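# Notes for the structure review
The chain contents come next:
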Amino acid sequence: MTTSTRPIYLDYNATTPVDPRVLDQMLPWFTEQFGNAASRTHLYGWEAEEAVAKARRQVAGILGASEKEIAFTSGATEANNLAIKGAYEANRHRGSHFVTVATEHKAVLDTFKHLEGWGAEVTYLVPAADGLVSIEQVAEALRPDTVLVSVMYANNEIGVIQPVAEIGKLCRERGVLFHTDATQAVGKVPVDVDKDYIDLLSLSAHKLYGPKGAGALYVRKGIKLTAQQDGGRHERGLRSGTLNVPGIVGLGKACEVAGAEMALEAKRLAQLRDKLENEIVSTINNTQVNGNREHRLPQVTNISIGDVDGEQLLMNLNRIAVSSGSACTSASVEPSYVLKALGVPDDLAYASIRFSLGRFSTETDIATAVAHVQEVVTRMVENHTS
Ligand SMILES: *Cc1c(COP(=O)(O)O)cnc(C)c1O
């Protein structure tokens, strides 16, 4: 396929391309500067160690953290596993009750399922119809034996931003650890581990214009976690394994660029997103925007189109690359568990589309995408009723 016939990419919440400025920084670390950051006896190792140290400062910088509080991982899935399982193992003496939300990413939900197998008790909060959990819900769920609360910063499917600072403050007051999967938030909206009372935070490079296979866990000073991977005691014993130096360098640079450009980028993308959303909602019958529209990431909208079959719709929208929360198993298509948790009826959940814009989205992309959606839906509605 030539570039001109490839669909317009509007699936930045699934993954982002690597920013050329990020790639540029990464390249030497694959070839001339290929050293092992744990090699303490020669220049190759020292260079790599220094590059990792710089990246650690860059990642800490975007979170308002200290570089000693950053542990590099292979991504957010691993960071979530380490935070949750590591807290469970390190806190058996305190209890084994955990609190999370039904709309979390599978990397969190499935980790808690695993903990339940180990004997933990997990409370799954169901958010309101707009996707938000309330501070009262969290307060009610806390028990004397609660070890940790895990609430994602921003939802990947609908973009809603949870009241993280309030939840974090409550947890701090109650002596409960607070973890947030901030994979969709870091680099998109300001995140500050102190102002938000965060103890543990997961992030991933490939959601913010860095490479796939690199991420980090922020661990507040003084918090003990049990390592989930044993070996050479890299990352202060928290995560053994030879460091992915090019990936880490890329993550660091991605954080630096995002930190510098976030405010302007968010403004530009919010305008484009609003345009896309308003034009679809105002010209197509029976649509609904899923999730709170105010407390939301700037670059995403999740829209259900009531008059058409969801599976057909996604197949027909072949000029844009978007996603639907529907998960295809071999036997059937299941509607998004996130939308179901919000109480969205099945037919509307099936017919939901997530548009997620990003750094390289243009006005033309959005105009073309809107026209394409309008044309496809009109054709489907006509065929259906004739
Ligand atoms: C993408 C994503 C993950 C998984 O991140 P990986 O680095 O791909 O493992 C976890 N949580 C959220 C909210 C995500 O969007």
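Now for a quick tour of the structure. (Residues numbered from 1 in each chain as written. Predicted model: local features only at pLDDT ≥ 70, side-chain atom pairs only at ≥ 80, totals over all residues. Heavy atoms only, no water.)

To describe two helices that pack against each other, one gives the angle between their axes and the distance between the axes. One way to put it is that helix α2 (residues 43-63) packs onto helix α7 (residues 245-283) with a least axis distance of 8 Å and a crossing angle of 35 degrees. Where α2 crosses over α7, the handedness of that crossing is left-handed. Residues A48, A51, V52, A55, Q58, V59 and I62 of α2 form the contact with α7, whose own contacting residues are V245, I248, V249, L251, G252, K253, C255, E256, A258 and G259. Taken together, the residues of the contact of α2 with α7 sort by class into 12 nonpolar, 3 polar and 2 charged. (Axes fitted to C-alpha atoms, helices over the stretch in contact; angles between N-to-C directions. Helix = DSSP H or I, 4+ residues; strand = E, 2+ residues; numbered from the N terminus. Left-handed = near helix turned anticlockwise from the far one by under 90°. Contact = heavy atoms within 4.5 Å. Nonpolar A, V, L, I, M, F, W, Y, C, P; charged D, E, K, R; others polar.)

This part covers empty space enclosed by the protein. Counted by the stated rule, this structure contains 2 cavities of 30 Å³ or more. The space that makes up the largest cavity amounts to roughly 50 Å³. Lining the largest cavity are G187, K188, M262, E265, A266, L269, P298 and Q299. Of the volumes computed, that of the second largest cavity is approximately 40 Å³. What lines the second largest cavity is simply Y12, T16, K188, K207, Y209, E265, L269, Q299, L357 and G358. Across the lining of the second largest cavity, the residue classes break down as 4 nonpolar, 3 polar and 3 charged. Summarising the domain contributions, the lining of the second largest cavity has at least three residues from each of domain 1 (8-17 + 262-385) and domain 2 (20-258). (1 Å grid on protein atoms, 1.4 Å probe; cavity = no way out; pocket = protein on both sides within 12 Å on 5 of 7 lines; lining within 4 Å. Points joined across faces, edges and corners; volume = space filled by probe spheres on them. Domains from an automatic or database assignment.)

Around the ligand, a shell composed of G75, A76, T77, H105, M152, N156, D181, T183, Q184, S204, H206 and K207 is seen. Here an oxygen atom of the ligand sits 2.9 Å away from a polar atom, N or O, in the main chain of A76. Take T77: an N or O atom from its side chain is 2.6 Å from an oxygen atom of the ligand. Coverage of the ligand by the protein amounts to 88% of the 380 Å² it exposes when considered alone. Looking at side-chain class alone, the shell around the ligand contains 2 nonpolar, 8 polar and 2 charged residues. (Near = heavy atom within 4 Å. Polar contact = N/O pair within 3.5 Å; in protein donor to acceptor, adjacent residues only side chain to side chain. Areas by Shrake-Rupley, 256 points an atom, 1.4 Å probe, with all protein chains shown as cover.)

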